[in-house]
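So you can see what is in the structure, the chains are spelled out below.
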Amino acid sequence: MALSIIHYPHPTLRHRSKPIVRVDQRLKDLAQEMLDLMYENEGVGLAANQVDLPIRMFVANETGRRGEGQEWVVINPVIDRPKGSEASQEGCLSVPGIYAQVKRPKTIRLQGYDLQGNEINMELSGFLSRVMQHEVDHLDGVMFFDRMSEEARRDLEDQLYEFQTTFDSMRRTGNIPNDDTIAKQIAQWERIYT
């Protein structure tokens, strides 16, 4: 099964991912495929939810370029110890073309594991901190525009409505399965990895 990026308002984007309890070669291959998709789409991060996988894993590279910067594959991430606050522009591969100012903590601690089972436990700040927070939000079923004020979000309503219209059209033509089928697919993945 080739992965592809799903767009808002696909239900898997709102699913809270469950922790991964098993790492196998297939999961490692999925992580590599996610990195490939992220680079192809000029992103800096991609959460499993965004490729219709209900598992607690994301990939990232703050440079957005293969062979530059540090590639991250983070399993079961947890963010805590937020400090400070700053607003900056964010976008998302699941709502391409939409950008907006989002206020987030300036510094955070990220905990989790890499694909080899090594623990990740580090304090992050700046752009990398923002990327990690954005991806962990995805794993919790939160989109970046959920973090905006109601007033600021109103500016995005027309663009989000276009995504809704496209989604509804794809559902009617059978290109996107119904909610029951998606729920069964989610349960199948969770049985394998969570």
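The structure under discussion appears in the preceding block.
The rules behind the values
Residues numbered from 1 in each chain as written. Predicted model: local features only at pLDDT ≥ 70, side-chain atom pairs only at ≥ 80, totals over all residues. Heavy atoms only, no water. Helix = DSSP H or I, 4+ residues; strand = E, 2+ residues; numbered from the N terminus. Rg over C-alpha atoms; globule rule 2.2 N^0.38 Å. Buried < 20%, exposed > 50% of the residue type's maximum accessible area, 1.4 Å probe, protein only. Contact = heavy atoms within 4.5 Å. Areas by Shrake-Rupley, 256 points an atom, 1.4 Å probe, with all protein chains shown as cover. Lys, Arg positive; Asp, Glu negative; His and termini not counted. Charge placed at Lys NZ, Arg CZ, Asp CG, Glu CD. Polar contact = N/O pair within 3.5 Å; in protein donor to acceptor, adjacent residues only side chain to side chain. Salt bridge = Lys/Arg side-chain N within 4 Å of Asp/Glu carboxyl O. Core = buried A, V, L, I, M, F, W, Y, C linked by side-chain atoms within 4.5 Å.

Draft legend 1. Here's a closer look at the overall build of the protein chain. In terms of regular secondary structure, the protein chain is built from five helices and seven strands. Counting from the amino terminus, helix and strand elements in the protein chain follow one another as α-β-β-β-β-β-β-β-α-α-α-α. Taking 194 residues into account, the globule formula puts the C-alpha radius of gyration at 16 Å, and the protein chain, at 16 Å, falls close to it. With the C-alpha coordinates of the protein chain rotated into their principal frame, the extents come out at 45 × 40 × 30 Å. In the protein chain, which comprises 194 residues, the proportion classed as buried is 45%. Once local pairs closer than 6 in sequence are excluded, the contacts in the protein chain between residues at least 24 apart make up 67%. For the protein chain, the computed accessible surface area is about 10100 Å², with 45% contributed by carbon and sulfur atoms. Taking the 23 positively charged and 30 negatively charged side chains of the protein chain as two groups, their mean positions are separated by 5 Å.

Draft legend 2. Representation of unusual backbone geometry. In the segment running from Tyr8 into Pro9, the intervening peptide bond is cis, with an omega of 5°. Residue position: Pro9 is located in the segment before α1 (25-40). Of note, the phi angle at Asp52 is positive, near 65°, even though the residue is not glycine. Here Asp52 lies in the loop between β1 (45-47) and β2 (57-60). Non-glycine residue Arg81 carries a positive phi angle of around 55°.

Draft legend 3. Layout of the side chain of Arg56. One can find Arg56 in the loop between β1 and β2. At 3.2 Å, the side chain of Arg56 and the backbone oxygen of Leu139 are in polar contact. In this structure Arg56 touches Ser17, Lys18, Pro19, Ile20, Val74, Ile75, Asn76, Pro77, Val136, Leu139 and Asp140, once residues within four positions along its chain are discounted.

Draft legend 4. A look at the pattern of salt bridges. With the rule as written, the count across this model stands at 15 salt bridges. Arg22 is paired through a salt bridge with Asp24; the nearest N and O atoms lie 3.1 Å apart. For Arg22, a relative accessible area of 39% puts it in the partly exposed group. Via salt bridges that share partners, Glu90, Arg104, Arg130, Asp137 and Arg147 belong to a single interconnected network.

Draft legend 5. Representation of the nonpolar core within the structure. Leu27, Met34, Leu46, Val51, Leu53, Ile55 and Met57 are the most contacted members of the largest nonpolar core, which totals 24 residues. Top contributing element to this core by residue count: α1, with eight residues. Grouped together as the second largest cluster of nonpolar side chains are 15 residues, Leu13, Val95, Ile98 and Phe145 included.

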